[in-house]
Amino acid sequence: MARITLKVNGKSRMVEVDPETPLLYVLRNDLELHGPRFGCGLAQCGACSVIMNGNAIRSCVTPVSAAKNHEITTLEGLGTVAKPHALQAAFIEEQAAQCGYCMNGMIINAKVLLDKNPNPSEDDIKKALDPILCRCGTHLRVIRAIRRAAGSTRVKA
Amino acid sequence: MNIDTKSISRRQLLKGSGALVVSFSLYGPLSRALAQAQETPEPRPYAVERVDLGTFLPGPGDYLDPRELDSWLAVMQDGGITMFTGKVDIGTGTRTALAQIVAEELDVPFARVTMAMGDTAKTVDQGRTVGSNTIPRGGPQLRQAAAAARAELLKLASIRFGAPVEQLTVADGVVSVSGSPEKNVSYGELIGGKHFNVKITAAGYQTAMVVAPEVKAKSYKDYKIVGTSVRRVDLPPKFTGEYTYTPDFRVPGMLHGRPVRPHTAVAKPLRVDQSSIAHIPGVVKVVQEGSFVGVVAETEWAAIQAAKALKVTWSQPQTQMPANREAVDTYLTDTKPVRELTAAKKGNVDLAFSGASKTLQATYHWPFQNHGMMLPSCAIADVQGNKATIWTGAQGPFTTRDRISTMMNVAKKNVEVRYVEASGCYGRLTADDAAEDAVLMSRAVGKPVRVQWMRADEQVWDPKGPQQLTVVRAAIDAQGKVTAWDYLDLSFPWTESQGTPQLAERQIGIEPTNSGNPNGAGGAGDIYDFENMKIESKTIPWMFAEPMPLRTASLRSPGEPPRVFATESFIDEIAAELRMDPVQLRLAYLKNDKRISEALRTVAEQSGWTERPSPARVSSERILKGRGVAVDQRGGSIPAVVAEVEVDTSSGKIRVTRITMAYDCGLIINPDGVRNQIEGNIMQGVSRTLLEEVNFDATGVKSVDWVSYPVLRFQDVPDVQIHLINRPELPATGAAETPIVVIPAVIANAIFDATGVRLREIPFTPERVLNALKARPAITQRL
């Protein structure tokens, strides 16, 4: 067991855990952040994605010790129902989910994409989200939502 | 918003504010709040002593009485409506669509209705959430209960104002006397916080229950909320991390459990080596009961590590896994069925064949496929003595309750199951395996246990969509007329999912009492009107001495994608043989059913279909393009589809570039909801057609993750165009699973159009495509 301080969604949080514990379980169980979700534990589906230092990482295979001293953003760090982020608002607008279980991966990876490429083409979006799995088949809505969010970001800027 | 309320009962809900109740549905299912109610046990005012509804004879207190209006809905003091339903929203949007139906019938704004779903102690058993039946069956049940409530509210207002009911009108939940607008009263003022204490009628049970048929519901002509694309109430918190899915649910003092199972048939654990996990801190117990083995730990990570590290020596099972897919096909054709069904018989097929000038025959092959839930099975159980509380995303909370009461050998009322949404499950959670695992582990440690299957557990032990084999024959006379259709479907039953004992139950020695439920019979050509027809469906036995990973369950339109794959491919084979346009051939033989023909014509028109036979002129280019068509009718819903594909003749890779679908499901409750379901069905259909097959051999299942069981990804999704055909005068017939049935055939037909090659074995992997291209131009096997 080790004491580890994490910087999550702009706040410092201390946890006492086995340093080998994947970040996902620490976020979900110790910090009660349910945005990142368990889907495979193998970095194959993207449901556990979080942003670390501006990049999307798979928290299910990242030991918590490797997240020490890095800025981590989870889905909760983007916005809330009361005050959604532009991406979340666009997903609502496009009704871009069915069960919604994969949506953490979609929105987190879309956020990283838009931060790096504010005006992505449809192919850019497909390429960026290709590793993120959705079993309900809401891909086209997700693409529309990201395009909508990109548009609204541009309008603001 | 956090719900910290210590104790909320149904009675207290009635007194509470609507806003509070609405927040439950947005920030976690109602059950999360209701869960807390256990601390102050309350009488169950609605519990039935005995209901006699035909064959339905539950024990005392097992079910809410559907003949009590209060079993269905409650009016809050502020006029909010809580509708209680045994149906659950498995991610398809029915929480919203059912609320539309209720709001419409009650004449209240949509936002005022909250759905409380799937709590065995607090909702009526309306049957499991399966077969696209929530809107078609559950919808009218709730509509009638709401209409009965509205009539009762009008009666109360009539007494209050001394005005006849005929003079009353309702708008936004306020009753007014016509001509005297100052005489008005809200639903909340009339009965808010109180029980109706009114009896209604109910006959039959579960899905088939008919509720209050004597009450006249609103005419579709007056609908204002039904038929509009109301936004889904569950989506905003799903996009922000505020939603409570099954694995997010927490019970105080909860431990973490993981089952330990081999990837082949489960025999006996000869030796469980506790020392193999002695180094992992936080392990509470290795649970062993019968052939069940699981680990319980204080933290999730400890449970994961322990389940992985635990050394178990299993005895040799009696049940041998089949060597490969071909061996299963042989078994299908050579084994005596447990059930033979003749779904259609007309004229004299044998005579037609003997007089035919041409006969065609083809065999179509379908593999075992996974449901592939994004969230592997998960449930929480709290077993205390002879009582249990279960939190689960199961499609049948009452089925889970019945299985677990059998498993624990206690009365049904001792088990309470509360629905907490899982990921989309497509039929998989008709078998609630994680709940049973959790019960065994919770019982062993005396504390609540949350079980989360790992990805390999889910891929290997998913009760799969069965392997299937279909043989179709057609006779054609000298004039080129199709005179006979002879169809044989060979399929396995669902060994799980219909109330048969499941995995953990089997492991503790509960034996199955039947052979499982047949895999359906629709989609076998019954939409066509040939002079002589025979449609047979044979169910081949698939129940084994021990639990085996190739166990089976209903998978989205069970059995029908394979059957329609055979039917609509073969119709295309006939059209090609006769050099006829595939749309025209279908129109010529469709039964006198205007709706199916209209859907087919619509999709042809919308997709820019040009009349000509298939295949297209096949060129020598590397990329060949083709188009295909397919149609079906299932439970009243009609999908008609056109696909465009590109075949890379050097790599064998298929790209589905565009899919156009016309869809008729009677009355549409929420158009965007229907579109969403159709899009999803198309994507899952493309995935299952091009990519999906469970791999196995005699040593076990080899598809253990998303690399060994790939599914469709963003770069391969087709463009989709949807044309809804709304028929508000007809009953709603559902959209959650029917659109998928036509996808495999339409892709096969488009590939044939592009290449002249007929693929009859799913999935259409590059390897299979290349092999078929090499063998060109064998189009149909002639007898």
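All figures in this text were calculated on a predicted structure; none of them were measured in a lab. (Residues numbered from 1 in each chain as written. Chains lettered and ligands numbered in written order. Predicted model: local features only at pLDDT ≥ 70, side-chain atom pairs only at ≥ 80, totals over all residues.)

1. Digging into the overall build of chain B
The helix and strand tally for chain B stands at 20 helices and 29 strands. In terms of overall dimensions, chain B is globule-like: its C-alpha atoms have a radius of gyration of 28 Å, near the 28 Å expected for 783 residues. With respect to the three principal axes, the spread of C-alpha positions in chain B is 80 × 80 × 45 Å. When the 783 residues of chain B are sorted by exposure, 58% land in the buried category. When contacts within chain B are restricted to residue pairs at least 6 apart in sequence, long-range pairs at least 24 apart make up 79% of them. (Helix = DSSP H or I, 4+ residues; strand = E, 2+ residues; numbered from the N terminus. Rg over C-alpha atoms; globule rule 2.2 N^0.38 Å. Buried ≥ 20, exposed ≤ 12 C-beta atoms within 10 Å, placed from the backbone. Contact = placed C-beta atoms within 7 Å.)

2. Topic: the overall build of chain A
The helix and strand tally for chain A stands at five helices and five strands. Tracing chain A from N to C terminus, the helices and strands come up as β-β-α-β-β-β-α-α-α-α. What you see for chain A is a C-alpha radius of gyration of 15 Å, in line with the 15 Å of a compact globule of 157 residues. When its C-alpha atoms are laid out on the principal axes, chain A stretches across 45 × 35 × 25 Å. By residue count, 57% of the 157 residues in chain A fall in the buried class.

3. Concerning the interface of chain A and chain B
Frequently, the measure chosen for interface size is the accessible area removed from exposure when the parts meet. Taken together, the contacts link 46 residues of chain A with 44 residues of chain B. Sorting the residues of the side of chain A that touches chain B by element identifies α1 (23-30), α2 (86-93), α3 (103-116), α4 (122-129) and α5 (139-156) of chain A as the ones contributing at least two each.

4. Details of unusual backbone geometry
Residues B:S614 and B:P615 are joined by a peptide bond in cis, for which omega reads 0 degrees. With respect to the helices, strands and loops of the structure, B:P615 is situated in the loop between α17 (594-606) and β23 (623-631). Look at the link from B:I762 to B:P763: it is a cis peptide, with omega at -5 degrees. Inspection of the secondary structure puts B:P763 in the loop between α19 (743-755) and α20 (766-774). Non-glycine residue A:E32 carries a positive phi angle of around 50 degrees. Considering the arrangement of structural elements, one finds A:E32 in the loop between α1 and β3 (49-52).

5. A word on the nonpolar core
All names here are of chain B. With 267 residues, the main nonpolar core has M83, V102, A145, V641, V746 and I751 as its most contacted residues. Apart from the residues within four sequence positions on either side, A145 is in contact with L69, W72, L73, I200, V211 and A212. Counting residues in each nonpolar core, the second largest holds seven residues, with V328, L469, F492 and W542 among its members. (Core = buried A, V, L, I, M, F, W, Y, C linked by C-beta atoms within 7 Å.)

6. What about the sheet that holds strand β2 (residues 81-85) of chain B?
Residues and elements named next belong to chain B. With respect to topology, three strands assemble into an open sheet ordered β1-β2-β3, the strand pairing being mixed. Looking at strand neighbours, the two that pair on one side only are β1 (73-75) and β3 (113-117), the edges of this open sheet. The average angle at which neighbouring strand axes cross in this sheet is 20 degrees, direction not considered. Note: β2 against β3, five bridges, orientation parallel. (Pairing = 2+ DSSP bridges. Axes fitted to C-alpha atoms, helices over the stretch in contact; angles between N-to-C directions.)

7. Structural notes on the sheet that holds strand β16 (residues 378-384) of chain B
Residue and element names in this part refer to chain B. With mixed pairing, seven strands are arranged side by side in an open sheet as β11-β12-β9-β19-β16-β17-β18. The two strands at the open ends of the sheet, each matched to only one other strand, are β11 (283-289) and β18 (415-419). Averaged over all pairs of adjacent strands, the angle between their axes in this sheet comes to 20 degrees, without regard to strand direction. With four bridges connecting them, strand β9 (residues 255-259) and strand β12 (residues 292-297) associate as antiparallel partners. Note on β12: the bridge partner recorded for P259 is G294. On top of the sheet, helix α11 (residues 397-408) reaches β17 (387-392) and β18; it is set at about 150 degrees to β18, its chief contact. In this fold helix α12 (residues 433-445) packs onto β9, β11, β12, β16, β17 and β19 (449-452), with an angle of close to 35 degrees to the strand it touches most, β16.

8. Regarding the packing of α2(A) against α3(A)
A pair of packed helices can be characterised by two numbers: the angle between their axes and the separation between those axes. All names here are of chain A. For the pair α2 and α3, the least separation of the axes is 10 Å and the interaxial angle reads 130 degrees. If you check the angle between α2 and α3, you find them oblique. The chirality of how α2 crosses α3 is right-handed. For the pair formed by α2 and α3, the contact residues are L87, Q88 and F91 on the first element and M103, I107, A110 and K111 on the second. Split by residue class, the contact of α2 with α3 holds five nonpolar, one polar and one charged. (Parallel < 35°, antiparallel > 145°, perpendicular 65-115°, else oblique. Left-handed = near helix turned anticlockwise from the far one by under 90°. Nonpolar A, V, L, I, M, F, W, Y, C, P; charged D, E, K, R; others polar.)

9. Digging into the pairing of strand β4 (residues 168-171) of chain B
The pairing of β4(B) with strand β5 (residues 174-177) of chain B spans four bridges and is classified as antiparallel. Opposite B:L168, over in β5(B), you have B:V177 as the bridge partner.

10. Quick look at the confidence of the model for chain B
Parts of the model with low pLDDT should not have their predicted coordinates read in detail. Residue and element names in this part refer to chain B. In the predicted model, chain B carries a mean pLDDT of 91, and 91% of its residues have values of at least 70. Across residues 15-59, where pLDDT falls below 50, the model places 103 contacts with residues more than four positions away in sequence or in other chains. Note that pLDDT drops below 50 for residues 778-783; the model gives that stretch 13 contacts with residues more than four away or on any other chain. Taken over the whole predicted complex, pTM reads 0.93, whereas the ipTM for its chain interfaces reads 0.98. (pLDDT = per-residue confidence, 0-100.)

11. Remarks on the pairing of β19(B)
Residues and elements named next belong to chain B. Alternating residues of β19 divide into V449 and V451 and R450 and Q452, and every residue in both groups is buried. Sheet analysis places β9 next to β19, joined by three bridges and oriented parallel. Paired with L255 across the two strands is V449, which belongs to β19.

12. Re the packing of helix α15 (residues 560-577) of chain B against α19(B)
Residues and elements named next belong to chain B. Between α15 and α19, the shortest axis-to-axis distance is 7 Å and the interhelical angle comes to 30 degrees. For the element pair α15 / α19, the angle class is roughly parallel. The two elements α15 and α19 cross, and the hand of that crossing is right-handed. Where α15 abuts α19, its residues P561, V564, F565, E568, S569 and D572 lie against P744, A745, A748, N749 and F752. Grouping the amino acids of the contact of α15 with α19 by side-chain chemistry returns seven nonpolar, two polar and two charged.

13. Side note on helix α5 (residues 134-161) of chain B
Between the first and last C-alpha of α5(B) there are 38 Å, a value that for 28 residues agrees with the 40 Å anticipated at 1.5 Å per step. Downstream of α5(B) by a residue or two, B:G162 has a phi angle that is positive, lying close to 60 degrees. (Expected span 1.5 Å × (residues − 1).)

14. Some words on the environment of B:R658
All names here are of chain B. As for its position among the elements, R658 is in strand β25 (residues 654-664). Sequence separation of R658 and P718 is 60 residues, and the distance between their C-alpha atoms is 4.9 Å. Apart from residues no more than four positions distant in its own chain, R658 is found in contact with E644, P718 and D719.

15. Brief notes about the environment of A:C134
Residue and element names in this part refer to chain A. Among the structural elements, C134 can be located in the loop between α4 and α5. Exposure remark for C134: the 33 C-beta atoms within 10 Å place this residue in the buried category. Sequence spacing of C134 and A47 is 87 residues, and the spatial spacing of their C-alpha atoms is 9.1 Å. Setting aside anything within four residues of it in sequence, one finds C134 in contact with C102 and H139.

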